[in-house]
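So you can see what is in the structure, the chains are spelled out below.
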Amino acid sequence: MVADPSMWRLSMEISPATLSVALHCPVEANSLIYREIPLDPAADILHAVEDAVYDNPLILQPFGRTDILIDTRRLTLVPAALDPAYARDIAAAYWPDGNLHPVVEAIKGTDAAAVMVMEADLHSFLRRTFPDARVTHSLAPLISYFALSGRLGNSGKIYARLRPGAVDIIAFGSRGLLMANSFAAPADDDVLYYIMAATERCGLSATDDELMICGDTAMRETLMPRLRQFHSYVMPVIFPSLMFRAGKDALRAPFELMVLPLCD
C-alpha cells in the first residue's frame, strides 16, 4: 500500500479502546489511509498497543515522519518558557504514581506547553519502536491548529470538539490561549453546561464572542440549535480544504490527526 515509506507521514492516536492510524503522502493526492484498530479490552494498555502494532506491520515501516497522540485526562498546561524539569515536577505533584511518565511538549502558535503523564512502560515501548516520533497529548494539535488558523482580533473564540461522552473545550482571548481541557459529558445537557461555564469562567461573552463547533456530526446537528438559544454566534468549524485533497477518509478520521500536518 505504501511504495516508499520515507515519503509518507504516520500519525497515530492511542485512546483507551482504539489505536487510530492515519498514513498520508503530502505530495500525492487521495493518498490517505485511515484505520481504527480496536484494542484488546482484556489486556493492559501496553500489551494491547503492542499487539495492535505488531499485528499491523505496515505501521513499523521507516516513515518520513511519525507523530503519536495520547488521549488521556491526565493533562495540564504550563507556560512554554517554564524549565521542562519544573514542568515534570508539576506533573509528579499532580499524579504521584511512580508508574507514570511525564511528557512535556510546547504547543506551536501559543505560549503554552502541554504536560501529560502516561504509563511508563507504554512510553518506553513507543520510544523503542518509534525512536524519532513526536509524542504529545491529543489536544495539542487542536490547540495549535485553532491558534494558527483563527484570526483572534479583539474578540474571543471558544472551540468545542464534540465526541460521544465528552467535550473538548479550547478558549482564546485577545491575548491568546485562555484554557484547554476535556470534560466527561454523558448527556447533551452536560455539554451545554461545560461550554457555557467555560465562556463565563474565561471572561468571554455569549453575546459578543464566537463559539465554533466541530466533532461528531450527529451531536453537532442536535446541539448547535440548542447552543444558539444561549449564544449569539455559533458556527461549525470549516474542515481544512488542504486535507480534503488527502482523500475521502479525511472526514472519518479524528480531527486532531487531520490537522497535524497543518501545525508544522
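The structure we're discussing is the one just above.
The following paragraphs examine the structure supplied in this document.

The rules we used
Residues numbered from 1 in each chain as written. Predicted model: local features only at pLDDT ≥ 70, side-chain atom pairs only at ≥ 80, totals over all residues. Heavy atoms only, no water. Helix = DSSP H or I, 4+ residues; strand = E, 2+ residues; numbered from the N terminus. Rg over C-alpha atoms; globule rule 2.2 N^0.38 Å. Buried < 20%, exposed > 50% of the residue type's maximum accessible area, 1.4 Å probe, protein only. Contact = heavy atoms within 4.5 Å. Lys, Arg positive; Asp, Glu negative; His and termini not counted. Charge placed at Lys NZ, Arg CZ, Asp CG, Glu CD.

As for the overall build of the chain
Then step 1. In terms of helices and strands, the chain carries eight helices and 13 strands.
Then step 2. What you see for the chain is a C-alpha radius of gyration of 19 Å, in line with the 18 Å of a compact globule of 264 residues.
Then step 3. C-alpha extents for the chain along the principal axes are approximately 50 × 45 × 35 Å.
Then step 4. When burial is assessed residue by residue, the chain has 50% of its 264 residues classed as buried.
Then step 5. For the chain, contacts bridging at least 24 residues in sequence account for 58% of all contacts bridging at least 6.
Then step 6. When the 22 positive and 32 negative side-chain charges of the chain are each reduced to one mean point, those points stand 6 Å apart.

Considering the environment of Leu100
Then step 1. On the secondary structure map, Leu100 appears in strand S6 (residues 100-106).
Then step 2. Of the residues examined, Leu100 reaches a relative accessible area of 17% and is grouped as buried.
Then step 3. When the C-alpha positions of Leu100 and Val117 are compared, they lie 5.8 Å apart, and in sequence the two are 17 residues distant.
Then step 4. If near-sequence neighbours (up to four positions away) are discounted, Leu100 is found in contact with Arg74, Trp95, Val117, Met118, Glu119 and Ala120.

Structural measurements only, silent on function.
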